[in-house]
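# Tertiary structure, described
Spelled out from the first residue to the last, the chains are:
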Amino acid sequence: IAQFTLLFTLNYHPDKSAQEIYAAYREYEERMGVPLRSTWREHANSRDATRRLKVGYVSPDFRQHSVRHFLEPLLSVEDHMTVRYRGLVDHWVPTVGLSDEALAERIRADGIDILIDLAGHTAKNRLGVFARKPAPVSMSWLGFNYTTGLSAIDYFLTDGVNAPEGSEELFAEQPWRLATPGFVYRPAEGMGHVSTLPAQDRGFVTFGTLTRSVRINHRSIRVWSQILQRVPGSRLVVDSMNYHDARMCATLLDKFSAHGIGPERLEIGFHSPPWDVLRGMDIGLDCFPHNSGTTLFESLFMGVPFITL
């Protein structure tokens, strides 16, 4: 778990190069992936090109999780046949309690042709299964948005914006770039309508972000402070679960204070769901070097212009 946490948080480091971060993933491959190559075996899947392929998705997040906003549109069939098809063909395999070795054997026994990882190095991932190469073709997508570091995984599904041409050396997998954006977004229920421009009523501009604290670093705080200084009377809203903690709020206030931004220009807290918070923003500010994910889609859906780097 500590290793997964390290690899996860390294992506947010403001002062390390992409090459330095990828080196840590290569080290993970040497420790985790290479030793398991001895377990790889030939796959018995039929090569009949006319048969229906079996695609397996592996994720700890088939629950109330932001992944659902992007995975559900891919899997759902929105017509009158949906219920009948689900009753005939859905095959659900609970994996809780199964070891990586046991799950890999189950995947082999089920004859999965294409196995898709939806978690990367996030919590409760099953990369140990993928390192055993239980399916002829494997791919990582959606839940992590960077390499797993495992050469056992063949492809990284992405697009030309998330993984530009020339970035191949930073992936253990082969980037498979879609001509369209690599995500399809389905909004949450009850988000409500786009608001009128808040500044028209308030008389000042409200910038805002819903990002987690791990994305906010000394570089983003410096830039955001400069923006606030250049826009007289403007405010910044920072709203996410991490700032439910009073100590976290106080620490962030101190960091802005060091750049001459007083607490009267900041609104730091946590609201769930955050739709009214978004309706109160004029302009969204992205983090860097690790950009926003689901909150970017939510901001755009709610009509909030978004500035990124």
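Located above this text is the structure these notes cover.
To keep things clear, this report deals only with the structure shown in the data block. (Residues numbered from 1 in each chain as written. Predicted model: local features only at pLDDT ≥ 70, side-chain atom pairs only at ≥ 80, totals over all residues. Heavy atoms only, no water.)

### Regarding the sheet that holds strand E7 (residues 235-239)
Ordered by their spatial adjacency, five strands build an open sheet running E8-E7-E6-E9-E10, and the pairing between neighbours is parallel. Each having just a single partner strand, strand E8 (266-269) and strand E10 (306-307) make up the two edges of the open sheet. Bridge count between E7 and E8: four bridges; the pairing is parallel. Bridging from a neighbouring strand, Val238 pairs with Ile268 of E8. (Pairing = 2+ DSSP bridges. Helix = DSSP H or I, 4+ residues; strand = E, 2+ residues; numbered from the N terminus.)

### Examining the sheet that holds strand E5 (residues 174-178)
On the basis of which strands lie adjacent, the open sheet formed by five strands has the order E1-E2-E3-E4-E5 and parallel pairing. Each edge of the open sheet carries a strand with a single partner, namely strand E1 (55-58) and E5. Strand-to-strand twist in this sheet, taken as the mean axis angle between neighbours without regard to direction, amounts to 30 degrees. Where E1 meets strand E2 (residues 114-117), four bridges bridge the pair, whose relative direction is parallel. Bridging from a neighbouring strand, Val55 pairs with Ile114 of E2. (Axes fitted to C-alpha atoms, helices over the stretch in contact; angles between N-to-C directions.)

### Let's talk about helix H11 (residues 294-301)
Three or more residues of H11 are buried, namely Thr294, Thr295, Glu298 and Ser299. Along H11, the residues classed as buried sweep out an arc of 135 degrees about the axis, all on the same side. The first or second residue beyond H11 is Gly303, which carries a positive phi of 80 degrees. (Buried < 20%, exposed > 50% of the residue type's maximum accessible area, 1.4 Å probe, protein only. Arc of directions from axis to C-beta.)

### Here we look at the pattern of salt bridges
Opposite charge on two side chains lets them pair, provided their charged atoms get close. As enumerated under the stated definition, the model contains twelve salt bridges in all. Residue Arg106 is joined to Asp110 by a salt bridge in which the shortest nitrogen-to-oxygen separation is 2.9 Å. Linking Asp245 and Arg247 is a salt bridge whose minimum nitrogen-to-oxygen distance equals 3.4 Å. The exposure class assigned to Asp245 is partly exposed, which follows from its relative accessible area of 28%. (Salt bridge = Lys/Arg side-chain N within 4 Å of Asp/Glu carboxyl O.)

### Quick word on the packing of helix H8 (residues 218-230) against helix H9 (residues 246-257)
Where H8 contacts H9, the two axes come as close as 9 Å, and the packing angle between them is 60 degrees. Here H8 is positioned oblique relative to H9, judged by the angle of their axes. Taken as a pair, H8 and H9 cross one another with a handedness that is right-handed. Of the residues in H9, those in contact with Ile221, Trp224 and Ser225 of H8 are Leu252, Lys255 and Phe256. Each residue belonging to the contact of H8 with H9 can be placed in one class, and the counts come to four nonpolar, one polar and one charged. (Parallel < 35°, antiparallel > 145°, perpendicular 65-115°, else oblique. Left-handed = near helix turned anticlockwise from the far one by under 90°. Contact = heavy atoms within 4.5 Å. Nonpolar A, V, L, I, M, F, W, Y, C, P; charged D, E, K, R; others polar.)

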